[in-house]
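Examining the three-dimensional arrangement
Spelled out from the first residue to the last, the chains are:
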Amino acid sequence: MLKMEGIKKNYGKKQVLKGVDLKIEEGECLGIIGPNGSGKSTLLSIMVGALKPTEGERFIQGKIGYVPQDNALMEELTVKDNLEFWAAAHNKHINEILHTAYFKEVLGLEDMLKEKVKHLSGGMKKRVNIGIALIDDPQYIVLDEPCSALDIIYKNEVIDYLLELKQKGKTIIYTSHSGDEIERLCDRVCILKEGTIIKEAKLAELRTENKECSTFDEMVYRLLA
């Protein structure tokens, strides 16, 4: 279980998060959505331990992997070199990593190990980033807009891999501005506005409550308006 209680974050006089309470059960996929400046990235940074809250507590049982918005890759190195670097950071040997089921069956990275990162497609780079996040076999995978700036082909490629990870029992926390991505991947959503959670519900409940809306994006727009 991953739980956050009373999370507040200030940058100087500006309060970005205003007392967020959130509980995430193992095996579920939670979508965190909201407009730019709502505090999504700050919340995720605190969630993974990269940032300390001004107030509040974070509790986690299990390892956590993080895929930030920007690729955490060294472009001039090969995929294998990048994986080897991060494996060493976790005190693991690269061969130990490459023979796990996630890398061989789910991510399919074997065919691109010798490729330099700069020659990879956007979707492939995201797969490598996800691979790096999985090196320590975390139960929780936190992804901050992993499909931003990707075209529809690469976006679907990334979502397909995340769905496979979900089926393998991983817990996924996912931010996006795309309703299509959230609907396809997530079980539950948390809508953030100006540093406050204004709605938290299962997708099925949201659809029932907003039957007049033809799309998920329309539902979210109405809640944020």
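Residues numbered from 1 in each chain as written. Predicted model: local features only at pLDDT ≥ 70, side-chain atom pairs only at ≥ 80, totals over all residues. Heavy atoms only, no water.

- Where an unreviewed UniProt entry is consulted, the chain appears under the name Molybdate-transporting ATPase, with the organism given as Cellulosilyticum lentocellum.
- The UniProt entry for the chain carries this comment under Sequence similarities (unreviewed entry): "Belongs to the ABC transporter superfamily." (UniProt positions renumbered as here; feature names shortened; annotations may be inferred.)

1. Let's talk about the overall build of the chain
- Regarding its fold elements, the chain presents nine helices and nine strands.
- For 225 residues, the compact-globule estimate of 2.2 N^0.38 gives 17 Å, and the C-alpha radius of gyration of the chain, at 18 Å, lies within 12% of that figure.
- Taken along its principal axes, the extent of the C-alpha atoms in the chain is 50 × 40 × 30 Å.
- Per-residue burial for the chain yields a buried fraction of 46% across its 225 residues.
- At a minimum sequence separation of 6, the contacts of the chain that also span at least 24 residues come to 67%.
- Here the chain has roughly 11000 Å² of accessible surface; of this, 47% comes from carbon and sulfur atoms.
- For the chain, the distance from the average position of its 32 positive side-chain charges to the average position of its 36 negative side-chain charges is 3 Å. (Helix = DSSP H or I, 4+ residues; strand = E, 2+ residues; numbered from the N terminus. Rg over C-alpha atoms; globule rule 2.2 N^0.38 Å. Buried < 20%, exposed > 50% of the residue type's maximum accessible area, 1.4 Å probe, protein only. Contact = heavy atoms within 4.5 Å. Areas by Shrake-Rupley, 256 points an atom, 1.4 Å probe, with all protein chains shown as cover. Lys, Arg positive; Asp, Glu negative; His and termini not counted. Charge placed at Lys NZ, Arg CZ, Asp CG, Glu CD.)

2. Observations concerning the pattern of salt bridges
- What the rule picks out here adds up to 19 salt bridges.
- Its salt-bridge partner being D136, residue K92 comes within 3.8 Å of it at the nearest N-O pair. Note that K92 is positioned in the loop between α2 (79-89) and α3 (94-98) and D136 in the loop between α5 (122-133) and β6 (140-144), a separation of 44 residues in sequence.
- Residue class for K92 comes out partly exposed when judged on its relative accessible area of 23%. (Salt bridge = Lys/Arg side-chain N within 4 Å of Asp/Glu carboxyl O.)

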